[in-house]
Amino acid sequence: MQACAYGLIGAGIGTSLSPALHEEEGRHHGLGVSYELIDTARPGTPDELGGLLRDAEAQGLAGLNITHPYKQRVIPELDELSPLARAIGAVNTVVFRDGRRIGHNTDASGFARSFRRGLPGAATRRVVQLGAGGAGAAVAHAQLAAGTGHVAIADPDPSRSAALVRALRKAFGDERADAVAPDGLRASLTAADGVVNASPVGMISHPGTPVAVELLRDDQWVADVVYMPAETRLLSEAAARGLRTLGGTGMCVFQAAGAFELITGRTPDTERMLRHLSRLLDQREAATPA
């Protein structure tokens, strides 16, 4: 069995299901995938990307996945960006090839595939997006590339939402994106067809909701990029009111599949990966004390 080692850099990723997801898919392709978690929140792990990348290369890793909070911070450490990663300004996959570090973004295609699959026919004339970080940049780009008419970006850091809007306007036109201040969020939500949570709020480590569900209409839809838990508080409260909802498991699998293909050169079976992630989440939930 051919060996292939790669991993994930992020903060607070100790509960990530990525190792199981990648390693199991590798077995189906005759690959002995070894997937390492490099958790900078773990005591003794340095929060210095350049050194972490050098260590990974020295260990012979074929590449790395990159997650919060490094998807934008990793860019200066790379030799080359794919056109999509450059346009988005965020990287979630780094391939080590011929002594060079090449950055890619599979988050955008991952969200787009998940949205088409999970919310077919959803209206997207106007969408409010919560979160303007690395994942938010990819998700906003994916929405506009797929034909969403206008995306309103809300983020606790006004400079971050403003920077993302500038990039989106450059790529898609001034009329396609705006930043939303806290006092304007209610009006933007009222005018929207749907809401995307691209922030970490709702994760097990960041509990809560990024917006009060009472501000939403019953005929809207809500999508969340968070996949642990599979149903966030935002989604459960929205579903209880009858809104269409989309969780983050699809995006998780499709972005992972894109990274798997870039790093291993093998085309993964995404339906098999979706089934596997569902089983992993069920096992995690069953093992969690009530």
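Summary of the structure given here. (Residues numbered from 1 in each chain as written. Predicted model: local features only at pLDDT ≥ 70, side-chain atom pairs only at ≥ 80, totals over all residues. Heavy atoms only, no water.)

Right, let's get into the pairing of strand S3 (residues 63-66). Regular strands place their side chains on alternate faces of the sheet. Burial of the side chains of S3 extends over both faces: Gly63 and Asn65 are buried on one face and Leu64 and Ile66 on the other. Here three bridges tie strand S1 (residues 2-10) to S3, and the two strands are oriented parallel to one another. Across the sheet, Ile9 pairs through a bridge with Ile66, a residue of S3. Bridge count for S3 against strand S5 (residues 93-97) is three bridges, and the pairing is antiparallel. Residue Gly63 lies in a different strand from S5, and its bridge partner there is Val95. (Buried < 20%, exposed > 50% of the residue type's maximum accessible area, 1.4 Å probe, protein only. Helix = DSSP H or I, 4+ residues; strand = E, 2+ residues; numbered from the N terminus. Pairing = 2+ DSSP bridges.)

Quick look at the environment of Glu237 now. When you line up the elements, Glu237 lands in helix H8 (residues 233-240). The spatial distance from the C-alpha of Glu237 to the C-alpha of Gly89 is 33 Å, given a sequence separation of 148 residues. In contact with Glu237, not counting residues within four places along its chain, are Thr209 and Val213. Reaching out from Glu237, the side chain makes a polar contact with the side chain of Arg233 at a distance of 2.8 Å. (Contact = heavy atoms within 4.5 Å. Polar contact = N/O pair within 3.5 Å; in protein donor to acceptor, adjacent residues only side chain to side chain.)

Next up on the list: the state of the cysteines. Enumeration over the complete set of coordinates arrives at zero disulfides. Left unpaired, Cys4 is separated from the closest cysteine sulfur, that of Cys252, by 18 Å. On the basis of relative accessible area, Cys4 is assigned to the buried category, the value being 12%. (Disulfide = S-S within 2.5 Å.)

If you check which residues of helix H2 (residues 49-58) are buried, you get Leu49, Gly50, Gly51, Leu52, Leu53 and Ala56. Buried positions along H2 lie against S1, strand S2 (31-39), S3, S5 and strand S6 (100-104). Where H2 starts, the residue carrying a side-chain oxygen 3.0 Å from the main-chain nitrogen of Gly50 turns out to be Glu48. Once H2 finishes, Gly60 follows within two positions and takes phi at roughly 85°, a positive value.

Once that is clear, we can look at the sheet that holds S2. Taken together, six strands build an open sheet; the order of strands is S2-S1-S3-S5-S6-S4 and the sheet is mixed. Of all strands in the sheet, those with a lone pairing partner are S2 and strand S4 (80-81), marking the two edges. The pairing of S1 with S2 spans nine bridges and is parallel. Each bridged residue has a counterpart across the sheet, and for Cys4 the counterpart in S2 is Val33. The strands that helix H1 (residues 18-28) touches are S1, S2 and S3; relative to S2, the one it contacts most, it runs at about 170°. Along the sheet face, H2 touches S1, S2, S3, S5 and S6 and points at about 115° away from the line of S6. (Axes fitted to C-alpha atoms, helices over the stretch in contact; angles between N-to-C directions.)

In this section: the nonpolar core. What tends to happen in soluble globular proteins is that the nonpolar side chains get buried as a cluster. If you look at the biggest cluster of nonpolar residues, it comprises 30 residues, and the most contacted ones within it are Phe111, Phe115, Ile153, Leu164, Leu168, Val196 and Trp221. Contributions of two or more residues to this core are made by helix H4 (107-118), helix H5 (134-145), strand S8 (150-154), helix H6 (158-172) and strand S11 (221-224). Ranked by residue count, the leading element in this core is H5, at six residues. Apart from the residues lying within four places of it in its own chain, the contact partners of Phe111 are Val139, Ala142, Gln143, Val196, Ala223, Val225 and Met251. (Core = buried A, V, L, I, M, F, W, Y, C linked by side-chain atoms within 4.5 Å.)

Before going further, it helps to examine H4. Compared with an ideal rise of 1.5 Å per residue, which puts 12 residues at 16 Å, H4 spans 16 Å between its outermost C-alpha atoms and is within 8% of the ideal. For H4, the full list of buried residues reads Asp107, Ala108, Gly110, Phe111, Ala112, Ser114 and Phe115. Looking at the buried side of H4, the elements it contacts are helix H3 (83-88), H5, strand S10 (194-197), S11, strand S12 (244-246) and helix H9 (249-264). (Expected span 1.5 Å × (residues − 1).)

Pairing between side chains of opposite charge can happen when the charged atoms of each approach one another. On inspection of all chains with the given rule, the structure shows 13 salt bridges. Asp178 is the salt-bridge partner of Arg169, the closest N and O atoms lying 2.5 Å from each other. Since its relative accessible area comes to 30%, Arg169 is described here as partly exposed. (Salt bridge = Lys/Arg side-chain N within 4 Å of Asp/Glu carboxyl O.)

Relative to the elements of secondary structure, Gly50 occurs in helix H2. With a relative accessible area of 1%, Gly50 lands in the buried category. Gly50 sits 156 residues away from His206 along the chain, and the two C-alpha atoms are 27 Å apart. Discounting residues that sit within four places of it in the chain, Gly50 has contacts with Glu77 and Arg101.

Turning our eyes to something else, we now look at the packing of aromatic side chains. Taken as a whole and assessed by the stated rule, the structure comprises three aromatic pairs. Ring centres 5.2 Å apart and planes at 75° place the aromatic pair Tyr6 and Tyr35 in the edge-to-face group. Here the residue Tyr6 occupies a position in strand S1, and Tyr35 occupies one in strand S2, the gap between them amounting to 29 residues. Where Phe115 meets Trp221, the ring centres are 5.0 Å apart and the plane angle is 70°; that geometry is what we call edge-to-face. (Phe/Tyr/Trp six-rings, centres within 6.5 Å; stacked < 30°, edge-to-face > 60°.)

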